[in-house]
Amino acid sequence: MTAKGFSPRLAATADDEGLRALFGSENRVIRTCERVVAVTFNAAWNDAGLDRILGELARRRTPATFFLTGDFADRYPRVVKRIAAAGHGLGNHSYSHPYFKDLTTAGRRREVRAADQALRAAGAGEALTPFFRFPYSETSPDQIREVNGLGFADIEFTTDTNGWMGTEGGMTVDHAVRRALDALRPGAILQMHAGAPHGRSEVIDAQALPRILDAITARGYTVIDLRTVLTPPAYPASDSGQGPAGNRAPLGG
C-alpha cells in the first residue's frame, strides 16, 4: 500500500478525523474482530538487519511501519529513503531516545520536533506518518496529550519479540518467534528492531522474521499496513468499537 502525505503540525492531515480518533490513548492494539496484525520495527542503533528485513518484506509483499529516531535518520539518510521507496510507513521515535519522564515539557517537545525535522531532511517524504512511539514505551496521559498537541498519535505495541536483547541477553530466534506468536490476536501490533545495540551485528529479529510471517499466515492472519487505521470507517462504531469484516476500526489502548 502506498503512503499518504502527512504533515504533522507540524501536522493537520487530510485524514484528520481518523487521526484524532487515536488521540488520548497509547494505542497498543487495533480494535477489530478480523484476523489482522500490524508489523513494526524500531531503529535507533544501526541498520545491521535492514537488508534482510526489507528483502523479506519485499519478497512477501508485506507492509510494515518503521519508527526511527531522528539521530538514526541523521546518520542513515539513505536508509530513510530506502524504507520510503519500498512503500513502508515511517514513524517518529524521538530524536535521541531519552527517558521522557526525565525531561521537561519543553524538552519532550524538542525531541519530537527534532525527530520530525530529521526524518523530513533525510527524505521521508510521503512515507512520513503522524505516528509517534515513546522511547522504552514509557507513556503517561500527560505526555500522550503533549504529542497529540503536536499532531501525532501515540502508537505502541501489543508485544515486543525482545530480539533486541540478543544472545548475550538470553534471547534466541526460537524465543523471539514464540513471543510473537503467543501475542497473536486480532489487531495485534508486533514490535521488532531493525538493528542491534552496542555495535553488535547479530539481529535476531531479522533472522526470526521469515518464521514469524510464515506462522502468521499459517494461522489465518493477514499483515495490514498500519496506516489504514487513519481512514475513518464508513459505518457508525459499535459499542465495542469494532466494525464489520472488511473495515478497520481505530486503535485502542
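Residues numbered from 1 in each chain as written. Predicted model: local features only at pLDDT ≥ 70, side-chain atom pairs only at ≥ 80, totals over all residues. Heavy atoms only, no water.

Caption draft 1: Quick peek at the pairing of strand β8 (residues 188–193). Counting buried residues in β8 gives 6 out of 6 residues, a clear majority hidden from the surface. Of the two faces of β8, the one carrying A188, L190 and M192 and the one carrying I189, Q191 and H193 are both buried. Relative to β8, strand β2 (residues 36–43) runs parallel, the two sharing 6 bridges. Looking across to β8, one finds that A38 is bridged to I189. Inspection of the sheet shows strand β7 (residues 159–160) paired to β8 by 2 bridges, in the parallel sense. Within β8, the position partnered with D160 by the bridge is Q191. As for the winding sense of the linkage, the β-α-β connection from β7 through helix α7 (residues 173–182) to β8 is right-handed. (Buried < 20%, exposed > 50% of the residue type's maximum accessible area, 1.4 Å probe, protein only. Helix = DSSP H or I, 4+ residues; strand = E, 2+ residues; numbered from the N terminus. Pairing = 2+ DSSP bridges. Right-handed = clockwise from strand over helix to strand, strands pointing away.)

Caption draft 2: Local environment of the pattern of salt bridges. The final tally for this structure, using the stated rule, is 15 salt bridges. A salt bridge links E146 to R108; the nearest nitrogen and oxygen atoms lie 2.7 Å apart. On the criterion of sequence distance, the pair formed by E146 in helix α6 (residues 141–149) and R108 in helix α5 (residues 105–122) is long-range, its members being 38 residues apart. By relative accessible area, which is 12% here, E146 ends up buried. (Salt bridge = Lys/Arg side-chain N within 4 Å of Asp/Glu carboxyl O.)

Caption draft 3: Local environment of the packing of α7 against helix α8 (residues 204–218). At a minimum axis separation of 9 Å, α7 and α8 run at an interaxial angle of 45 degrees. Here α7 is positioned oblique relative to α8, judged by the angle of their axes. Relative to α8, α7 is oriented so that their crossing is right-handed. Residues V173, D174, A176, V177, A180 and L181 of α7 form the contact with α8, whose participating residues are I204, D205, Q207, A208, R211, I212 and A215. (Axes fitted to C-alpha atoms, helices over the stretch in contact; angles between N-to-C directions. Parallel < 35°, antiparallel > 145°, perpendicular 65-115°, else oblique. Left-handed = near helix turned anticlockwise from the far one by under 90°. Contact = heavy atoms within 4.5 Å.)

Caption draft 4: Geometry of helix α4 (residues 77–85). For α4, the complete set of buried residues consists of V79, V80 and I83. What you see down the axis of α4 is that its buried residues fit within an arc of 105 degrees, all on one side. Those residues of α4 that are exposed and angled more than 90 degrees off the buried face are R78 and A85. Where α4 is buried, its residues contact α2 (50–60), β3 (65–68), α3 (70–75), β4 (89–92) and α5. After α4 finishes, the residue G87 shows a positive phi value of roughly 95 degrees. (Arc of directions from axis to C-beta.)

Caption draft 5: View of the confidence of the model for the protein chain. Across the protein chain, the average pLDDT comes to 89, with 86% of residues at 70 or higher. In this model, residues 1–14 is a region of pLDDT below 50 whose contacts with residues beyond four sequence positions or in other chains number 44 contacts. Note that residues 234–248 has pLDDT below 50 and, in this model, 23 contacts with residues that lie over four places away or in other chains. (pLDDT = per-residue confidence, 0-100.)

Caption draft 6: Molecular detail of the nonpolar core. In terms of nonpolar packing, the biggest core is built from 46 residues, with F41, F66 and L68 touching the most fellow members. Beyond its immediate sequence surroundings of up to four residues, F66 is in contact with F41, L50, I53, L54, L57, I83, H88, G89, L90 and G91. (Core = buried A, V, L, I, M, F, W, Y, C linked by side-chain atoms within 4.5 Å.)

Caption draft 7: Representation of the pairing of strand β5 (residues 128–132). Extensive coverage of β5 is indicated by the burial of 5 of its 5 residues. Both faces of β5 are covered, namely the face carrying L128, P130 and F132 and the face carrying T129 and F131. Here 2 bridges tie β4 to β5, and the two strands are oriented parallel to one another. Its bridge partner lying in β5, L90 is registered against L128. Between the parallel pair β4 and β5, the chain is carried across by α5, and the sense of this crossover is right-handed. Pairing analysis gives 2 bridges linking β5 to strand β6 (residues 153–154), with the strands arranged parallel. Residue pairing in the sheet places F132 in a bridge with D154 of β6. The handedness of the β5 to β6 crossover, carried by α6, is right-handed.

Caption draft 8: Quick peek at the packing of aromatic side chains. Per the counting criterion, the structure on display carries 7 aromatic pairs. With centroids separated by 4.0 Å and ring planes inclined at 5 degrees, the aromatic side chains of Y99 and Y136 adopt a geometry described as stacked. Remark: Y136 occurs in the loop between β5 and α6 and Y99 occurs in the loop between β4 and α5; sequence separation between them is 37 residues. Look at Y136 and you get partly exposed, because its relative accessible area is 42%. Here F100 and F134 contribute two aromatic rings whose centre-to-centre distance is 5.5 Å and whose plane-to-plane angle is 80 degrees, an arrangement assigned as edge-to-face. In this pair, F100 sits in the loop between β4 and α5 while F134 sits in the loop between β5 and α6, placing the two residues 34 residues apart along the sequence. Across this residue pair, the class does not change: F100 and F134 are buried. Put simply, the rings of F100, F132 and F134 touch in pairs and so form one group of aromatic residues. The ring of F157 carries R28 above its face, with NZ or CZ at 5.3 Å from the centroid. Above the face of the F67 ring, R133 is positioned so that its terminal group lies 4.1 Å from the ring centre. (Phe/Tyr/Trp six-rings, centres within 6.5 Å; stacked < 30°, edge-to-face > 60°. Lys NZ or Arg CZ within 6 Å of the ring centre and 35° of its normal.)

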